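Structure assessment
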Amino acid sequence: MKIGIVCYPTFGGSGVVATELGLELSKRGHEIHFITYRQPVRLDLLSQNVHFHEVNVPEYPLFHYQPYELALSSKLVDMVKLHGIEVLHVHYAIPHAYAAYMAQKMLEENDIYVPIVTTLHGTDITLVGSHPFYKPAVTFSINKSDAVTSVSQSLKEDTLRLFDVDNGIHVIPNFIDISKYKHDYTDCQRGMMAEDNERIITHISNFREVKQIPDVIKIFYNIQKEMPAKLMMVGEGPEKEPAERLCRKLGISDKVVFFGNSNEIDKILCFSDLFLLPSLTESFGLAALEAMASGVPVISSNTGGIPEVNVQGVTGFLSNVNDVEDMSKNAIHILSDDLRLQQFKANAKLQSNKFDIHQIVPKYEAIYKDTFNKCMVM
Ligand code: GMT
């Protein structure tokens, strides 16, 4: 099929999922058109089957806010006409589902019907979308989509609780390409980051308030009191600078490395012993799944969809949000015994196999086909 994918091109999980999905679909013979304001970060290679169309929003002094939705809808109309795109898959409801609906209506004027599949990712529902300023438009776009998917059962339940939804929601979990985590190198060059006797703890996120960055630092502070350890902080965002200040205040700056955004997540995870994700809310926790695929156990909060990924006492431990003491205790429990750590690592890797891309992508293909066929008979 010819599939248009709309997403945020940044380091966030929704953009990563959209990009990996598009690349896998292209390998399966589909023609993929990414339509967004910048080339997605994980999209390094364009090919015969993978195209990128940039949405330009010209600056005009009259506008206090530049009208991105308008530019996106217009671009979608043009690209559907030019390339014969048969289905539009929009990731993150705001404003993508809304812009796609406008494009669909404009195309109808030309007797073209392009079905819209909307994937809800998390904050578009739980944090941003349910705000009264956006709620009517988000509800409308969910209900007008030809098919709606959510990345976890928990997110589906949140959507039904927070919005007046009369559309069905299919749960399709996020995924990873397991083969990318099977590498030949046995030396992860951990020696560059830590001494042999030091445990390596890692956190990867967009450093927003929802990630509870101070809890990450406090958990690590408790760990390093019990054993030699280093903390790897990967990502960029508003909470990064306060986190650096907290490390200085706690006197642990020499044990914490701030990487910034990285395209070498697999290398960092390769030498990690434990992953921390104490988020306030998390629809799925793709970063935790990526850690598990690298054989890294997870200490997390028990919020949202995380329990669908991280298994209590098997792949790591889950605690109530902000229960730093419990998270620290669990982290120390895993890290303080070599054999136990190895067992948790093996369990984490095994659990990640359930989310292999080859099992999940056919579920999206089925939705595209089904939606396309239904729309064609209408
Ligand atoms: O909060 C983030 O990590 C970014 C955000 C996004 O939209 O990119 O992530 C959301 O979507 C990811 C992919 O589906 C999920 O794995 C994250 O759990 C979800 N974030 C939240 O719900 C806070």
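A brief structural summary. Computed from a predicted model, the values in this text were never measured in an experiment.

Evaluation of the coordinates by the stated rule reveals 17 salt bridges. The residue Asp 158 makes a salt bridge to Arg 161 at a minimum N-O spacing of 2.6 Å. Placement of both Asp 158 and Arg 161 in helix 6 (residues 153-162) is noted, with a separation of 3 residues, approximately one turn of the helix. Residue classification places Asp 158 among the buried residues on the basis of a relative accessible area of 16%.

Taken together, 17 residues surround the ligand, and among them Ser 14, His 121, Asn 174, Glu 282 and Ser 283 come closest. A distance of 2.6 Å is found between an oxygen atom of the ligand and a side-chain nitrogen or oxygen belonging to His 121. Within the backbone of Gly 285, an N or O atom sits 3.0 Å from an oxygen atom of the ligand. Taking 490 Å² as the accessible area of the ligand by itself, protein coverage stands at 92%. The class makeup of the residues in the shell around the ligand is 4 nonpolar, 11 polar and 2 charged. Mapped onto the domain boundaries, the shell around the ligand takes at least three residues apiece from domain 1 (2-175 + 357-376) and domain 2 (178-354).

This brings us to the side chain of Lys 345. Along the chain, the position of Lys 345 falls in helix 12 (residues 338-352). According to the relative accessible area criterion, Lys 345 is buried, its value standing at 17%. Looking at Lys 345, its side chain comes within polar contact range of the main-chain oxygen of Ser 272, at 3.4 Å. A distance of 3.1 Å separates the side chain of Lys 345 from the side chain of Asp 273, its partner in a polar contact. Non-local contacts of Lys 345, meaning those with residues more than four positions away in its chain, are made with Ser 272, Asp 273, Gly 295 and Pro 297.

Take the side chain of Glu 282 next. One can find Glu 282 in the loop between strand 11 (274-277) and helix 10 (286-293). The buried category is assigned to Glu 282, whose relative accessible area is 12%. Within the structure, Glu 282 has its side chain in polar contact with the side chain of Lys 211 (distance 2.9 Å). When neighbours within four sequence positions are excluded, Glu 282 is seen to be in contact with Lys 211, Leu 277, Thr 303, Gly 304, Gly 305 and Ile 306.

All right, on to the packing of aromatic side chains then. Taken as a whole and judged by the stated rule, the model has 6 aromatic pairs. Summarising the aromatic geometry, the rings of Tyr 8 and Tyr 92 are spaced 5.4 Å apart at their centres and angled 85° between planes, so their arrangement reads as edge-to-face. With Tyr 8 in the loop between strand 1 (2-6) and helix 1 (13-27) and Tyr 92 in the loop between strand 4 (87-91) and helix 3 (93-108), the pair connects residues that are 84 residues apart, well separated along the chain. Residues Tyr 101 and Phe 140 carry aromatic rings whose centres are separated by 5.0 Å and whose planes lie at 90° to one another, so their mutual orientation is edge-to-face.

Below, the discussion takes up the nonpolar core. Formed by 70 residues in total, the largest nonpolar core has its most connected members in Phe 275 and Tyr 368. Looking at this core, the element that brings in the most residues is helix 10, giving 7 residues. The two domains that each donate at least three residues to this core are domain 1 (2-175 + 357-376) and domain 2 (178-354). When near neighbours in sequence (up to four residues on either side) are disregarded, Phe 275 contacts Thr 202, His 203, Ile 204, Leu 269, Ala 287, Ala 288, Ala 291, Val 296, Pro 297, Val 298 and Ile 299. Formed by 28 residues, the second largest nonpolar core is a distinct cluster that contains Phe 220, Leu 274, Val 324 and Leu 341.

The next point concerns helix 7 (residues 213-226). For helix 7, which comprises 14 residues, the first-to-last C-alpha distance of 21 Å matches the rise-based estimate of 20 Å (1.5 Å per residue) to within 8%. Listed as buried for helix 7 are Ile 213, Asp 215, Val 216, Ile 217, Ile 219, Phe 220, Asn 222, Ile 223 and Gln 224. Those residues of helix 7 hidden inside the fold are in contact with strand 8 (199-204), strand 9 (229-234), helix 8 (240-250), strand 10 (256-260), strand 11 and helix 11 (324-335).

Next up on the list: the packing of helix 1 against helix 13 (residues 357-377). Where helix 1 meets helix 13, the axes come as close as 10 Å, and the angle between the chain directions of the two elements is 80°. Judged on the interaxial angle alone, helix 13 and helix 1 are roughly perpendicular. Within the contact between the two elements, helix 1 uses Glu 20, Leu 21, Glu 24 and Leu 25 and helix 13 uses Ile 357, His 358, Val 361, Tyr 364, Glu 365 and Tyr 368. Looking at the contact of helix 1 with helix 13 residue by residue, the classes come out as 6 nonpolar, 1 polar and 3 charged.

With that settled, consider the sheet that holds strand 1. The strand order across the open sheet built from 7 strands is 3-2-1-4-5-6-7, with neighbouring strands paired in parallel fashion. Sheet topology places strand 3 (50-54) and strand 7 (170-171) at the edges, where each strand pairs with a single neighbour. Note: strand 1 against strand 4, 4 bridges, orientation parallel. By the bridge assignment for strand 4, Gly 4 is matched with Leu 88.

Next up on the list: the packing of helix 3 against helix 5 (residues 135-144). The geometry of a pair of packed helices is captured by two quantities: the angle between their axes and the separation between those axes. Contact pair helix 3 / helix 5: the axes reach a minimum separation of 9 Å and the direction vectors enclose 55°. In terms of their interaxial angle, helix 3 and helix 5 are classed as oblique. Both helix 3 and helix 5 take part in a crossing whose hand is left-handed. The residues of helix 5 that touch helix 3, namely those facing Ala 93, Ile 94, Ala 97, Tyr 98 and Tyr 101, are Ala 137, Val 138, Phe 140, Ser 141 and Lys 144. Looking at side-chain class alone, the contact of helix 3 with helix 5 contains 8 nonpolar, 1 polar and 1 charged residues.

Rules behind the numbers
Residues numbered from 1 in each chain as written. Predicted model: local features only at pLDDT ≥ 70, side-chain atom pairs only at ≥ 80, totals over all residues. Heavy atoms only, no water. Salt bridge = Lys/Arg side-chain N within 4 Å of Asp/Glu carboxyl O. Helix = DSSP H or I, 4+ residues; strand = E, 2+ residues; numbered from the N terminus. Buried < 20%, exposed > 50% of the residue type's maximum accessible area, 1.4 Å probe, protein only. Near = heavy atom within 4 Å. Polar contact = N/O pair within 3.5 Å; in protein donor to acceptor, adjacent residues only side chain to side chain. Areas by Shrake-Rupley, 256 points an atom, 1.4 Å probe, with all protein chains shown as cover. Nonpolar A, V, L, I, M, F, W, Y, C, P; charged D, E, K, R; others polar. Domains from an automatic or database assignment. Contact = heavy atoms within 4.5 Å. Phe/Tyr/Trp six-rings, centres within 6.5 Å; stacked < 30°, edge-to-face > 60°. Core = buried A, V, L, I, M, F, W, Y, C linked by side-chain atoms within 4.5 Å. Expected span 1.5 Å × (residues − 1). Axes fitted to C-alpha atoms, helices over the stretch in contact; angles between N-to-C directions. Parallel < 35°, antiparallel > 145°, perpendicular 65-115°, else oblique. Pairing = 2+ DSSP bridges. Left-handed = near helix turned anticlockwise from the far one by under 90°.

The values are spatial; any link to function lies outside them.
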